[in-house]
Structure formats: structure tokens, C-alpha cells
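So you can see what is in the structure, the chains are spelled out below.
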Amino acid sequence: MQNAIFGNKSINMKTISPLNPADLPLAWEIEKLSHSFPWSEETFYSNQGDHYFNLKICIDNIIVGFAITQLILDEATLFNIAIHPDYQGKGYGKALLLELIDNIERKDIATLWLEVRESNQKASNLYESIGFNFVSKRKNYYPTKNGNED
């Protein structure tokens, strides 16, 4: 991956590829920085292996985000997606999610499930813009500082 120069502008080059075991320590750091209530380290490291399709997004060879997706038969569940706070709001999460969808469609996966905190309006807007739709609500599922939220 290289930077491209157009006139006087330098364009950051992004790549999306599989999340490898060597990437996990940096991805774990992104997890902690990106979520108010991150997964435990044990949970994070256990969501790898044969039944998972996990991707990373890199900008100029630096991991800035990841997606963790479990595959079972013809269904997938996006368990976790995170973009480093310094790179949020630049379209990297959308690019990662679209690449994930493209890849799982090629694997003949019929359905992609995901969950989102009710208060995470940025993520909800992203999912709706891609075409996800509401199926159901899990009451009090996510921890908060003052209890739980849907």
C-alpha cells in the first residue's frame, strides 16, 4: 500500500483485509478506545478462529479499525465493529462494513445480524443508510454508567 500524490494533495491509501492473530494486540487497543463499555480481553481474543470472518481496515499500513463476525451455516452475526476515535467520521466504518457484506455474500451467507445500543445514533444511521432494518429490541441489554439500555 502506498500514498498516491495528485497535484499537491496526498491521498491516504486504505486497505481492508483479514484480521490476523498478529493484529490482535492493536485491535484490542482500538476496542478499548472506541467503546464506552469494551469487551473483556478474554472475550475479544476468544472471538477468533474457524467460525469467524474478521476484517481490519488499514490507512497507510496502520490498523485503524476492525470487524468481528461469526458465521454459522447461511447466517452471520456482526459481533463488533470499531474504528479508532481519531479516524471516526471519515467513512472508514462504512467502507469496512460494505466490504464485510460483499465478502459474506460471496460466501453464500443469506442474513447478516447485528445489534446496536439505542444511544449509538451514529452507528444506527450508518446501518440504516446501508439498508439494515429493525427486527426487535433487547430490553436493558447494554450496560451503562447508571444501569442498562436497550
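Everything quoted here is computed from the prediction, not taken from an experiment.

**Q** Lay out the overall build of the chain with the relevant residues and their values.
**A** Scanning the chain from terminus to terminus reveals four helices and nine strands. In the chain, the share of contacts with a sequence separation of at least 24, taken over all contacts with a separation of at least 6, comes to 55%. In the structure as shown, the chain presents an accessible area of about 9500 Å², 49% of it carried by carbon and sulfur atoms.

**Q** With reference to specific residues and values, describe the pairing of strand β7 (residues 111–114).
**A** In this structure, strand β6 (residues 75–83) lies alongside β7, joined through four bridges in parallel fashion. Each bridged residue has a counterpart across the sheet, and for T77 the counterpart in β7 is W113. Once you follow β6 into helix α3 (residues 92–106) and on to β7, the crossover reads as right-handed.

**Q** How would you sum up the sheet that holds strand β3 (residues 14–18)? Please name residues and give values.
**A** Pairing is mixed in the open sheet, where five strands are placed in the order β3-β4-β5-β6-β7. Strands with a single pairing partner mark the edges of an open sheet, and in this sheet they are β3 and β7. Recorded for the sheet is a direction-independent mean angle of 25 degrees between the axes of neighbouring strands. Contacts from helix α1 (residues 24–34) reach β5 (62–72) and β6, with the element oriented near 90 degrees to β5.

**Q** Help me get a handle on the nonpolar core, residues and values and all.
**A** Formed by 23 residues in total, the largest nonpolar core has its most connected members in L78, L97, L100, I104 and L112. If you list the elements that add at least two residues to this core, you get β4 (55–59), β5, β6, α3 and α4 (121–130). Counting residues per element, this core draws most heavily on α3, at seven residues. Those residues in contact with I104, other than ones at most four positions away along the chain, are F53, L71, A76, I109 and L112. Membership of the second largest hydrophobic core comes to 12 residues, among which are L24, A27, I30 and I68.

**Q** Any chance you could break down the environment of K139 for me, citing the residues and the numbers?
**A** Positionally, K139 belongs in the loop between α4 and β8 (142–144). Put simply, K139 and E118 are 21 residues apart on the chain and 10.0 Å apart in space, counted from C-alpha to C-alpha.

**Q** Any details on the side chain of N54? Residues and values, ideally.
**A** In this structure, N54 sits in the loop between α2 (41–46) and β4. Of note is the side chain of N54, whose polar atom sits 3.0 Å from the backbone oxygen of N47. Apart from the residues lying within four places of it in its own chain, the contact partners of N54 are S17, P18, L19, N47, Q48, A67, I68 and T69.

**Q** Outline unusual backbone geometry, supporting the account with residue identities and numerical values.
**A** If you check the backbone angles, D60 has positive phi at about 50 degrees while not being a glycine. Within the fold, D60 resides in the loop between β4 and β5. Its identity is not glycine, yet L73 carries a phi of approximately 55 degrees, on the positive side. Relative to the elements of secondary structure, L73 occurs in the loop between β5 and β6.

Procedures and definitions
- Each chain carries its own residue numbering, running from 1 in the written order of its sequence.
- Whole-chain, interface and lining totals are the exception, using all residues; otherwise, since this is a predicted model, local features are given only for residues with pLDDT of at least 70 and side-chain atom pairs are given and counted only at 80 or more.
- Hydrogens and water molecules were not included; the side-chain quantities draw on all heavy atoms of the structure.
- Only DSSP runs of H or I reaching four residues or more are called helices, and only runs of E reaching two or more are called strands; each is numbered from the N terminus.
- Whether two residues touch is decided by their heavy atoms; if any such pair falls within 4.5 Å, the residues are in contact.
- The method behind every accessible area is Shrake-Rupley, applied with a 1.4 Å probe, and residues are considered shielded solely by the protein chains displayed.
- Criterion used throughout: strands pair if DSSP finds at least two bridges between them.
- The definition of a right-handed crossover adopted here requires that, viewed with the strands pointing away, the path from the first strand over the helix to the second runs clockwise.
- Axis lines are fitted to C-alpha atoms, over the contacting stretch for helices. Their N-to-C directions set the angle, which ranges from 0 to 180 degrees.
- Take the buried residues of types Ala, Val, Leu, Ile, Met, Phe, Trp, Tyr and Cys, join any two whose side-chain atoms come within 4.5 Å, and each joined set is a nonpolar core.
- Buried residues are those whose accessible area, probed at 1.4 Å on protein chains only, stays under 20% of the maximum for their type, while exposed residues exceed 50% and partly exposed ones sit between those limits.
- For this analysis, a polar contact is any N or O atom pair within 3.5 Å, provided that within protein one partner can donate a hydrogen and the other can accept it, and provided that sequence-adjacent residues contribute only side-chain to side-chain pairs.

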